[in-house]
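Okay, here's what each chain looks like letter by letter:
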Amino acid sequence: DESQKWVLMVTAQTPTNIAVIKYWGKRDENLILAINDSISVTLDPAHLCTTTTVAVSPAFNQDRMWLNGKEISLSGGRYQNCLREIRARANDVEDKKKGVKIAKKDWENLHVHVASYNNFPTAAGLASSAAGFACLVYSLAKLMNVQEDNGRLSAIARQGSGSACRSLYGGFVKWVMGKEENGSDSIAVPLVDEKHWDELVIIIAVVCSRQKETSSTSGMRETVETSALIEHRAKEVVPKRIIQMEEAIQKRDFATFTHLTCADSNQFHAVCLDTSPPIFYMNDTSHRIISCVEKWNRSEGTPQVAYTFDAGPNAVLIARNRTYAALLLQRLLFHFPPNSETDLNSYVIGDKSL
Ligand code: 2P0
C-alpha cells in the first residue's frame, strides 16, 4: 500500500544541566512539582547531551522507543504523560517533498518511534534523565508542529523528570516551583544566556562508585517523609539563596556564586543524611575533593573553583576561568593520579562549557 510508505523524522540535541541551587523534594509526584525553586547551568551540547530522533509513519502500529540502541518500555506514567501532553497540542503538518499531509486530528491515530542516544557513558552515573526528557519533548513538539514556547514545553518535560524542564534553555535557568495545583506555573525561566558568563569552565571529575545508588525519585520521597531539616531548607534557606544566586549570576560575582553553590550542595547532602534511613551519595573521594577545593580557595584569598555534587559521588567543578581550570586539573591529577588506588579515574572536561 503506497499510502503506508512515508516516514517523517525530526532530530534534536539537548544538553544536560547541573543544579547550583538544588531541587530535592516533590509536593506532587505525578505532576512532578517541586517544594522549592532551583537554578541550574546548562552544559555545552558538545560534552554531555542526548540526541533524539522521532519518527512518525502510518506503518507504525505502536509507540516505541530505543535508548542507546536498546528498546525500552514507554508504558511508564512519565513517558505517557509527556506523549499525551504533546499529542494534545499537535497541529497540521505538511511535507510537500514527500507529498505528506497530516491533519491535526490524525495525530491521535498515528504512532511514533523514538531513538535516543547519550554521548556520555550512562554507567558513569551522570544525569541523563534531564537531557533525555527535554530532548524527547522538544523533538516530538517539532515533529507534531506544536506551537508552544519553551516555557510551556518545559512544563511538559517536567512531567518526564523534574530537572528536565531546565534543559530547554541554555545558560543559567531557574525552575520556578509555581503555586498552581495543576502545575501550569511550574516552568523553567531563562536567567541569562550562555554568552553572559562564558569564562566559566566546568569540569566533571568522574568518581567510581561501588555503593548502591538510591534513585532520586525514591530518595527525595524518603527525605520529604522523614527529614526534619528539609522543611527548613525548602521554606527558609532556598528562597533566600535563589534571590542571592540570581544577583550573583547577573553580576558575575564568582565569590558569592561559589559560596552559594558549595553551601547548597552541602545542604542537599545534609538533608540526605538526615533522611531515615540515611542516603549517602558522596563517598570518601568526593569528600577529599571538597577538602582539596576548600583548602585551595582559602589559600587563594578569593574562591577560584566551586564544587557541587548531585545524587552520586561525581564532582562537578566550576572554575572561574580557563587559567584556574588548568590549575584545577593539575591539582586533581596530583592528588588523584589516574589508575592509582584512589577512586578518581577519569575526567570529562567541559571546555567553555557555559
Ligand atoms: C537537581 N537532582 O536539582 C537535583 C539535585 C539531583 C540532586 O533533579 O524524580 O532525576 O525525575 O523529578 O530530576 C535529580 O532528580 O528527579 C535532580 P525526578 P530528577 O538537579
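Computed from a predicted model, the values in this text were never measured in an experiment.

The rules we used
Residues numbered from 1 in each chain as written. Predicted model: local features only at pLDDT ≥ 70, side-chain atom pairs only at ≥ 80, totals over all residues. pLDDT = per-residue confidence, 0-100. Near = placed C-beta within 6 Å. Domains from an automatic or database assignment. Helix = DSSP H or I, 4+ residues; strand = E, 2+ residues; numbered from the N terminus. Contact = placed C-beta atoms within 7 Å. Pairing = 2+ DSSP bridges. Axes fitted to C-alpha atoms, helices over the stretch in contact; angles between N-to-C directions. Expected span 1.5 Å × (residues − 1). Buried ≥ 20, exposed ≤ 12 C-beta atoms within 10 Å, placed from the backbone. Arc of directions from axis to C-beta. Core = buried A, V, L, I, M, F, W, Y, C linked by C-beta atoms within 7 Å.

1. Remarks on the confidence of the model for the chain
Any segment with low pLDDT has predicted coordinates that should not be analysed in fine detail.
At step 1: Summarising the model, the chain shows a mean pLDDT of 92, and 91% of its residues fall at 70 or more.
At step 2: For this predicted complex, the interface confidence score (ipTM) comes to 0.99, while the overall pTM stands at 0.94.

2. A look at the site of the ligand
At step 1: Taken together, 14 residues lie around the ligand, and Ala-19, Ser-161, Gly-162, Ser-163 and Ser-216 are the ones closest in.
At step 2: Residues from two domains meet in the shell around the ligand; each of domain 1 (2-192) and domain 2 (201-350) gives at least three.

3. Some remarks on the environment of Leu-143
At step 1: With respect to the element layout, Leu-143 can be found in helix H2 (residues 129-143).
At step 2: Taking C-alpha positions, Leu-143 is 15 Å from Lys-98, a pair spaced 45 residues apart along the chain.
At step 3: When sequence neighbours within four positions are dropped, the list of residues in contact with Leu-143 reads Leu-8, Val-10, Val-54 and Val-56.

4. With respect to the pairing of strand E6 (residues 49-57)
At step 1: Relative to E6, strand E1 (residues 8-15) runs antiparallel, the two sharing 8 bridges. Across the sheet, Thr-11 pairs through a bridge with Thr-53, a residue of E6.
At step 2: Here 8 bridges tie E6 to strand E11 (residues 111-118), and the two strands are oriented antiparallel to one another. Looking across to E11, one finds that Val-56 is bridged to Val-112.

5. A short note on the sheet that holds strand E2 (residues 17-21)
At step 1: The strand order E2-E5-E12-E13 describes an open sheet built from 4 strands, whose pairing is antiparallel. A strand with exactly one partner marks an edge of an open sheet, and here the two such strands are E2 and strand E13 (188-192). Between one strand axis and the next, the sheet turns by 35° as a mean value, whatever way the strands run.
At step 2: Direction of pairing for strand E5 (residues 38-42) relative to strand E12 (residues 172-175): antiparallel, over a ladder of 4 bridges. Residue pairing for E12: Ile-39 is matched across the bridge by Lys-174.

6. Details of helix H8 (residues 322-335)
At step 1: Taking 1.5 Å per residue, 14 residues should reach 20 Å; H8 reaches 20 Å between its end C-alpha atoms and fits that length.
At step 2: Looking only at H8, the buried set comprises Tyr-324, Ala-325, Leu-328 and Leu-332. For H8, the arc enclosing every buried residue in end-on projection is 105°, short of the 170-degree limit, so these residues lie on one face. Those residues of H8 that are exposed and angled more than 90 degrees off the buried face are Thr-323, Ala-326, Gln-330, Leu-333 and Phe-334.

7. Remarks on the sheet that holds strand E8 (residues 70-72)
At step 1: Read across the sheet, 5 strands follow the order E1-E6-E11-E7-E8 without closing on themselves; strand pairing throughout is mixed. Whereas interior strands pair on both sides, the edge strands pair on one side only; in this sheet they are E1 and E8. Adjacent strand axes in the sheet meet at a mean angle of 25° when their direction is disregarded.
At step 2: In this fold H2 packs onto E1, E6 and E11, with an angle of close to 145° to the strand it touches most, E1.

8. Some points on the nonpolar core
At step 1: Judged by nonpolar contacts, the single largest core of 94 residues is most densely connected at Ala-134, Val-137, Leu-317 and Ala-319.
At step 2: With 11 residues, the top contributor of residues to this core is H2.
At step 3: Every residue in contact with Ala-134, bar those within four places of it in the chain, is listed here: Thr-14, Ala-157, Ala-164, Ser-167 and Leu-168.

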